[in-house]
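Notes for the structure review
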Amino acid sequence: MYGIDIVSKRLSKLDKEVIRFALESKGVAVEFGAGYGNLSLILSLIGYKTYIYDLNPSEKLLKVKDLLNLNLFVFKRDIRDITSNELPKGIRIFVAERILHFLRYEECLRILKIVSGKMEKGGRMFLSFSGLNSPLGEGYEHKDLPIEKRFCEPSSDISKKFSIDVPICLYTLEDVRSLMKKIKKVREVHLRETPFGNIEGIFSTS
């Protein structure tokens, strides 16, 4: 299973920062692993041409999209397999929350490089990574391995608690900073560890 979307009924702090930036001007937005799609629906309603790529798109999201005739495009896709040709050009906003830890480090790096290459100058990437210092890190067998080799299932107790029974890659703040420095024309705007122990970052493209 791919976990419980514990913030599906509310907007996170990072979501609110996405909306604040979106209100400055209109453009193209892309979200990976949108869950119930609340954020993408809001972006569409305020005028963004919005694209969602999700392994299991929400039926509720699809119904709302059709009912309101939104400029919203939903693709059933494993983001590991995304190619540059599948993404729109001139992305102003890219969002990936609560999804990147399901990728191996090298997969995450490859995907973020592809996305950054499709973004417009001055665009923003809004990313969150499940943290090594979060509850998911309790009993995590690969805790002492370097980030490039860190990929295993959570402990049995944590797996049951969060409904995750697939391998995950957990990050520290410095792991995320190092990852993003490997991507050309991407500049750190803000990077923080949340009280829960996850990592949230905002990055600008040039």
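Being a predicted model, the structure only gives us computed values, none of them experimental.

1. Brief notes about the overall build of the protein chain
A tally of helices and strands in the protein chain yields six helices and seven strands. Listing each helix as α and each strand as β along the protein chain from the N terminus yields α-β-α-β-α-β-β-α-β-α-α-β-β. Counting only C-alpha atoms, the protein chain reaches 45 × 35 × 30 Å along its principal axes. With 206 residues in all, the protein chain has 54% of them scored as buried. Intrachain contacts of the protein chain at a sequence separation of at least 6 include 61% that bridge at least 24 residues. When the accessible area of the protein chain is evaluated, it comes to approximately 10200 Å², of which 51% is carbon and sulfur surface. Side chains of the protein chain carry 34 positive and 27 negative charges; the gap between the two charge centres is 6 Å.

2. What to know about the packing of aromatic side chains
Here the structure, examined in full by the defined rule, presents eight aromatic pairs. Seen in terms of ring centroids, Y53 and F75 are 5.1 Å apart; in terms of plane orientation they differ by 15 degrees. Their pairing is stacked. Pair noted here: Y53 is in strand β2 (residues 49-54) and F75 is in strand β3 (residues 72-76), with a separation of 22 residues, a long-range link. A relative accessible area of 1% means that Y53 is categorised as buried. Given the relative accessible area of 36%, F75 is considered partly exposed. Ring geometry for F129 versus Y171: centroids 4.7 Å apart, planes at 55 degrees, classification tilted. With a gap of 42 residues between them, F129 in strand β5 (residues 119-129) and Y171 in the loop between α5 (156-162) and α6 (173-181) connect regions that are remote in the sequence. Residues F129 and Y171 agree in their burial class; the two are buried.

The rules we used
- Every chain's residues receive numbers from 1 upward, in the order its sequence appears when written.
- In view of the model being predicted, local features appear only for residues whose pLDDT reaches at least 70, and side-chain atom pairs are presented and counted only at 80 or more, with totals across whole chains, interfaces and linings using the full set of residues.
- Side-chain numbers here rest on the full set of heavy atoms in the structure, without hydrogens or water.
- Strands here are runs of E lasting at least two residues and helices are runs of H or I lasting at least four, both read from the DSSP assignment and numbered beginning at the N terminus.
- Residue exposure (1.4 Å probe, protein chains only): buried if accessible area is under 20% of the type maximum, exposed if over 50%, otherwise partly exposed.
- The contact criterion used is simple: two residues touch if any of their non-hydrogen atoms lie within 4.5 Å.
- Accessible areas in this description were obtained via Shrake-Rupley with a 1.4 Å probe; residue shielding takes into account the shown protein chains only.
- The convention is simple: Lys and Arg are positive, Asp and Glu are negative, and His and the chain ends are not counted.
- A single reference atom marks each charge: NZ on Lys, CZ on Arg, CG on Asp, CD on Glu.
- In summary, the pairing rule links any two rings of Phe, Tyr or Trp, Trp by its six-membered ring, whose centres are within 6.5 Å, and it sorts them by plane angle into stacked for under 30 degrees, edge-to-face for over 60 and tilted for everything else.

Nothing here speaks to function; it is geometry throughout.
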